[in-house]
Amino acid sequence: MDNFLDDLNDSQREAVCFNDGPSLVVAGAGSGKTRVLTYKIAKLIEDGLRPSSILALTFTNKAAREMKERIGKLVGEENAKKLWMGTFHSIFGRILRKEADALGFNSDFTIYDSHDSHNVVKAIIKERKLDDKVYSPKKVASRISEMKNELVSPEAYAAKSAYHDYDVQQRMPLFNEIYRQYCQRCKDANSMDFDDLLMFTNVLFRDNPQILAKYQNIFKFILVDEYQDTNFSQFLIVKKLAQKNKRICVVGDDAQSIYSFRGARIENILNFEDTYKDDGVRVIRLEENYRSTPNIVAAANSLIQKNTKQIKKNVFSSKEQGAPVAVLSSYSDFEESTKIAGIIKNILAKDKSLTYADFAILYRTNAQSLTFEKTFRTNNIPYRLWGSTSFYERGEIKNVLGYLRLIINPNDEEAFKRVVNYPTRGIGDTTIGKILDVAHEKRVSAWSVICDPVAMGLSVNAGTVVKLSGFRELIERFIAKKEELDAYELAEIVIHQSGVWADLQKDKSPEGMSHKQNVEELLNSLSASAVSHLESDGEPYMLGDFMAEVALMTSMDDDDSASNEKVTLMTVHAAKGLEFKNVFVVGVEENLFPSQMSSGTEDGVEEERRLFYVAITRAEKFCVLSYAKSRMRNGAPSISNPSRFIKDIDSSLLNFDLAPDYLSLYSRVNSKAQLDKNNHTLTSSYKVNPVRTQPRFNVRPLEVEGKTSGGLIGGIPQNKPRRLAPMPSALSSGPSGEGVDVKVGDKVVHPQFGHGQVVKIEGLGTPMPKVVVAFDAIGEKTLILKYAKIKVIR
DNA sequence: ACTAATAACATTTTT
DNA sequence: TGTTATTAGT
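A short tour of the structure in this document, coming up.

Cut-offs and rules
Residues numbered from 1 in each chain as written. Chains lettered and ligands numbered in written order. Predicted model: local features only at pLDDT ≥ 70, side-chain atom pairs only at ≥ 80, totals over all residues. Heavy atoms only, no water. Salt bridge = Lys/Arg side-chain N within 4 Å of Asp/Glu carboxyl O. Helix = DSSP H or I, 4+ residues; strand = E, 2+ residues; numbered from the N terminus. Buried < 20%, exposed > 50% of the residue type's maximum accessible area, 1.4 Å probe, protein only. Axes fitted to C-alpha atoms, helices over the stretch in contact; angles between N-to-C directions. Parallel < 35°, antiparallel > 145°, perpendicular 65-115°, else oblique. Left-handed = near helix turned anticlockwise from the far one by under 90°. Contact = heavy atoms within 4.5 Å. Nonpolar A, V, L, I, M, F, W, Y, C, P; charged D, E, K, R; others polar. Near = heavy atom within 4 Å. Polar contact = N/O pair within 3.5 Å; in protein donor to acceptor, adjacent residues only side chain to side chain. Pairing = 2+ DSSP bridges.

1. Description of the pattern of salt bridges
Under the definition given, this model contains 42 salt bridges. With its nearest N and O atoms 3.2 Å apart, the salt bridge here joins Lys33 to Glu226. In this pair, Lys33 sits in helix α3 (residues 33–46) while Glu226 sits in the loop between β6 (221–224) and α15 (232–242), placing the two residues 193 residues apart along the sequence. Residue Asp503 pairs with Lys506 through a salt bridge whose shortest N-O separation is 3.7 Å. Taken as a pair, Asp503 and Lys506 lie in helix α27 (residues 500–506) at a separation of 3 residues, close to a single helical turn. Look at Lys506 and you get exposed, because its relative accessible area is 64%. It is possible to trace a salt-bridge network through shared partners that takes in Lys33, Asp225, Glu226, Asp229 and Lys576.

2. Some points on the packing of helix α6 (residues 88–98) against helix α13 (residues 194–207)
Running from N to C, α6 and α13 cross one another at 55°; their axes reach a closest spacing of 9 Å. Relative to α13, α6 is oriented oblique. Crossing handedness for the pair α6 and α13: left-handed. Judged by residue contacts, Phe88, His89, Phe92, Gly93, Ile95 and Leu96 of α6 engage Phe194, Asp196, Leu197, Leu198, Phe200, Thr201 and Leu204 from α13. Counted by class, the contact of α6 with α13 contains 9 nonpolar, 3 polar and 1 charged residues.

3. Remarks on unusual backbone geometry
Cis peptide bonds are those with omega within 30 degrees of zero, and the linkage from Tyr422 to Pro423 qualifies with -10°. Considering the arrangement of structural elements, one finds Pro423 in the loop between α22 (413–419) and α23 (429–442). With an omega of 15°, the peptide bond running from Phe593 to Pro594 counts as cis. Positive phi outside glycine occurs at Lys129, with the angle close to 55°. Here Lys129 is to be found in the loop between α8 (114–127) and α9 (137–149). In this structure, Glu226 is a non-glycine residue whose phi angle is positive, near 50°. Assessed through its relative accessible area of 17%, Glu226 is described here as buried.

4. Section: the protein's contact with DNA strand C
Around DNA strand C, the neighbouring residues are Lys122, Leu370, Lys374, Met632, Asn634 and Gly635. Backbone atoms, meaning sugar and phosphate, make up 50% of the atoms of DNA strand C lying within 4 Å of the protein. In this structure, a phosphate oxygen belonging to DNA strand C sits 2.8 Å away from a side-chain N or O atom of Lys122. Lys374 is positioned with one of its side-chain polar atoms (N or O) 3.1 Å from a phosphate oxygen of DNA strand C. Split into classes, the residues belonging to the surface near DNA strand C amount to 2 nonpolar, 2 polar and 2 charged.

5. Remarks on the sheet that holds strand β8 (residues 282–286)
Read from one edge of the open sheet, 6 strands run β3-β2-β6-β7-β1-β8, paired in parallel fashion. In the strand order of this sheet, the two ends are held by β3 (84–87) and β8, each with one partner. Across the sheet, the mean angle from the axis of one strand to that of its neighbour is 15°, orientation sign disregarded. Two strands pair when backbone bridges link them, and strand β1 (residues 23–27) and strand β7 (residues 248–252) are joined in this way by 4 bridges, in the parallel orientation. Bridge pairing links Val25 to Val251 in β7. Against the sheet, helix α2 (residues 10–17) makes contact with β1 and β8, and its axis sits at roughly 145° relative to β8, the strand it touches most. Against the sheet, α6 touches β2 (54–58), β3 and β6, its axis set at about 115° to β3.

In structure tokens form, the structure reads like this:
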């Protein structure tokens, strides 16, 4: 362990080693915060703390996964596995399932995603026959979310007249009623939305001191990553849990707090020192930036200095000075994208060590990606779109998940609505409407209604009753098997017996084929998870396990392996935590960045400035700030001015001298005196010669992969790149083992497990025979033949 | 129950 | 402009 500490600078080491009280680690951009967190946890374990008594909270699954992996390398997989490490939502979701009784919930509650929540709100507004222009479901849903994050229950809301006054002012006097009904609806469906996972944790701890005490004792040390993005609800959970031991370390960067619109409170980090001032709190600053050149760091610093709300720090870089941050001016959004395409090509032509993957285009709004997509396609620049629709958000996957949700929690109304008539089984909108009316009136679930339509007073004709009981029996048959079959086996049966597979089979269009393949991929993924779970835990992977996880997955958890050698296109928000050698921040214009919606208030502008800070600090070597004088906005052309943020940056750190020949961007560096003064030197990689950057002809559409799985989805050519996420990693393995003819004694090779020999074949003649292979490296494993990626060596 | 038409909309979105 | 969701019509 001691030698690990040698990898750290002084402040990093202090952050790792101070474990006797609360600490705030202010981690500037690129300052090695993850390293500190992982080493710190490793040190705690080495110092004798049991991994199972450490709670480490992150905001993304990805962050948790990566950190766990790195800790595993330091202190062993076994230890890393026992850590309570995960997102706020997954950790407290787990605790809520365990303690569901205390809240009057069933431990099999469904997690409603934002789509589900939105639908519930919409349904309530429709039922109440309210004007959805006044009561915009979107506004109502976000207000509900906001209130939950602030821990304001419908009752507390009603008790405070200021809330009602606000609603009247918003012309939504009935908001409180809708809020109340929404909560009721969720409860009746045994469901919690994302915000509930945190809110009910607070309720649990508030109303059950003995349960709070239990977890205070379990968690001897608490770590929180990205603390600047915690909301009030999260702040309070952490505070309560840390109250007893006061051994808490939060890590974050106030300068990168960019999620206030989701309830994040920058005050949490700004006031941390004060919150724990009586407990020997220590504030440690990580100020050396290991990512970017001094030029980029200085530019970012000069920008963020314009903010009033911030913790004082002095971020610096010891790398080579590098090129100044460049400002690129264009006449239109189209020209902007074309110039940048040219610059990328030029840089690549000059510096062979770089690939397309070393470039990122960062924009404020998703709509801006379009121009770049078009231009990159015509210029044969491969790209990937980041952060669009996740695998689990595809319609065909949601249909299957609808069935699976219903099996675990039949009261799940959103799942019920999704699949009761899919595939079509003659249960139309009228019938569904009647069922829901009865359910809502009696305050029971839709499922309860179809379980006993007569007793519930459902007035439908005899034929419909038969259809309904057919559906009920179908689901009940699945439910009967949920404990005896694992997640994969059950899902396989569900897909076939529900008629989903037959329905997919009918559609022969390219889209239909891809839907079918996605469902197959879901099965592959389940199969892989089932196998690996059995491997590592010795426990089968049950449907309930999968359902608890899947609701908390996002597009960020999807596989990224197809992203090599591609320029990344993404929003600045999505870029937080990432780094690229070359970054183009585009659309750096007033009313766009800062966004018009935010420029009304000082707080709003400050957050936009932090966002801009995040954008600049993603760059390792070269950063371009680009603006266009006109761009298409919502169909119409609009004129824009350069962003105020360009003026916020110390102009001596900028290179404005780009027009009309943008290539002077690179050549100017050595010639101007002000740059010499600052000792700016330019690495050879950025000195490029002018070459023609725009091909005259529109070459055939590029193969574009990744989030735009436009290229080839399972070999099916698609004309237009579509904005879809790639498969989650486990899903990437196609059923290549299909048709593999193995027999006992065969030597086989597996991409992950290496070489081995077939010991046994089970379940021959069943839909999914399994094969037991003794691998040289890791011993015996049971694989599902159809999905195992094994090759026979003859 | 499906399709075609049209109306409404368009910051950001770790869960 | 481009997408999405609802609605009308067959």
